[in-house]
Amino acid sequence: MSAAGSNDRAGFEHLLRLGDSALVHGQRLSEWCGHGPALEEDIALANIALDCVGQARLLLALAGTREGLNRDEDALAYLRDEAAFRNYTLLELPNGHGPRDDYAITVVRGFLHAALQVHLWPALAACADHELAAIAARSINEARAHLRHFGQWVVRLGDGTDTSHARTAVALERLFPYTNEFWSPDPVEAALADAGRGVVVASLKSAWDHTVNPVLSEAGLSRPPDSRFMSTGKLGRHSEHLGPMLAEMQALARAHPGARW
Amino acid sequence: MSLSASERLARARDAAAQVCDPEIPSLSLEDLGILRGVQIEAERVVVTLAPTYTACPATEAICDDVGAALEAAGVAPFAVRVSLVPAWSSDWITAAGRRKLLEAGIAPPACLASSAGATAPVRFIRRESERESERARAATWLPRAEPAPPCPRCQSPQTELLSEYGSTACKSLYRCLACAEPFDYFKPY
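Described below are features of the structure shown in this document. No experiment lies behind these values; they were computed from the predicted model shown. (Residues numbered from 1 in each chain as written. Chains lettered and ligands numbered in written order. Predicted model: local features only at pLDDT ≥ 70, side-chain atom pairs only at ≥ 80, totals over all residues. Heavy atoms only, no water.)

**Overview of the pattern of salt bridges**
We apply this condition: Any Lys or Arg side-chain nitrogen located within 4 Å of an Asp or Glu carboxyl oxygen qualifies as a salt bridge. Secondary structure elements follow DSSP: runs of H or I no shorter than four residues count as helices, runs of E no shorter than two count as strands, and numbering proceeds from the N terminus.
Applying the stated rule across the entire model yields 23 salt bridges over all chains. The partner of Asp-31 of chain B in a salt bridge is Lys-100 of chain B, and the shortest N-O contact between them spans 2.6 Å. Residue Asp-31 of chain B is located in helix 2 (residues 29–32), and its partner Lys-100 of chain B is located in helix 4 (residues 95–103); the two are separated by 69 residues in the primary sequence. Shared partners join several salt bridges into a network, and the residues in it are Arg-9, Glu-13, Arg-17, Arg-86 and Asp-186 of chain A.

What follows is the structure, encoded as structure tokens:
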């Protein structure tokens, strides 16, 4: 029983990493709703956000089942504090610098993350956790569409005007170090990979490189040099930005517990 | 009222099959291929649906509508179940469904069975004379963009993508270059 119990605990933690990343990214993207730089982009970002929140819903619902403490996806999304979230720090960073949103940040972040998801979902779709595999299988096409969308924008902005190039280069410099977190060792990932129920994300690094590098080159952007910077969101130690984001996301659900409409 | 099991199943199936998609009301659940099974489990009629897109906001509305239809058909007790496995594909839309999409001015999705996961170059609009030497290297990276569908109104194959994300999660927005009409394209999934 103890083995099965700890296994489920690892399975729960693993699903939080996937589900929280999808949820937090979806929330950041949805902040553009009504503020997009063009109507088509506004609609596109709302749709991509919806994909992410849909993935999060399935993943967190499954996490709640595995945890066995009667927490459903809403309880996990709305009633946990920031230290309990396991998303990559990259995805919680604000949409801009200071008070001003910058589309380049959203585009570069979406691209760097989608370039991972297009490799992660097929790997998970083949794992021995059949419920997770079913969610992953459904997410593959979505990730491909997200990569196509953000990748095209990286090229359009990077290869666009001097201003768009400069702003995209700044966004890349700023965000790239946070991708180190994708590859850092994680006992939860390792335990599940050993059991055939997950993958070690670091094993996808060369596939990610092969996806990212040609796009940066097409966009005329230099890949920032490797750095030793290491964010730790997946371990629950976050930047100062997640708390305020969750405060906004969770306010309604906490003010009106169990509200239905 | 007492129906035989087979009568109950047939009634439940008919009732569920005729429920319309809330976002594309000309299509029934049968047309969409999301009605995956109707069976009796311990006296209950269980209707199993496959959700279309992960985040399709219509899924809950569809479940409610199916419940109402089953109630009206007098087959209670019943349950409506959503099953992720096997994952729905737009290839499951029936021939009648594809025809109804066309009649509604929506281009039906291309068949995926032969092309899933393929990659191909994406066309960029570039400034002249830049980095020509790198173009070949960059050409293989992105997931395949869908070939443009023919116009559902004038059948011209000369159409162009306006926006990959359209009025609902399942549609892209295209424009016909022959008749100049914009139209929705049901994305292959």
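**Quick notes on helix 8 (residues 187–194) of chain A**
Residue and element names in this part refer to chain A. Rules: Think of it in three bands: residues with accessible area under 20% of the maximum for their type are buried, residues over 50% are exposed, and the middle band is partly exposed, with areas taken using a 1.4 Å probe on protein chains only. The directions considered for the arc run from the helix axis to the C-beta atoms. For the purposes of these results, a polar contact is taken to be a pair of N or O atoms within 3.5 Å, where, inside protein, one atom must be able to donate a hydrogen and its partner to accept one; residues adjacent in sequence count only when each atom of the pair is a side-chain atom.
Burial in helix 8 covers these residues: Val-188, Glu-189 and Leu-192. The buried side chains of helix 8 occupy one side of the element, clustering within an arc of 100° when seen end-on. Exposed side of helix 8, more than 90 degrees from the buried face: Pro-187 and Asp-194 are the residues found there. The opening residue of helix 8, the one whose side-chain oxygen lies 2.9 Å from the backbone nitrogen of Val-188, is Asp-186. A positive phi of about 75° marks Gly-196, the residue just after helix 8.

**Details of helix 3 (residues 58–72) of chain B**
Residue and element names in this part refer to chain B. Where we set the bar: Here a helix's expected span is defined as the number of its residues, less one, multiplied by 1.5 Å. Any pair of residues with heavy atoms lying within 4.5 Å of one another is described as a contacting pair.
Taking 1.5 Å per residue, 15 residues should reach 21 Å; helix 3 reaches 21 Å between its end C-alpha atoms and fits that length. All buried positions along helix 3 are accounted for by Ala-58, Thr-59, Ile-62, Cys-63, Val-66, Gly-67, Ala-69 and Leu-70. On its buried face, helix 3 is in contact with helix 1 (5–17), helix 2, strand 2 (44–49) and strand 3 (78–82). Remark: Gly-74 follows helix 3 within two positions and exhibits a positive phi of approximately 70°.

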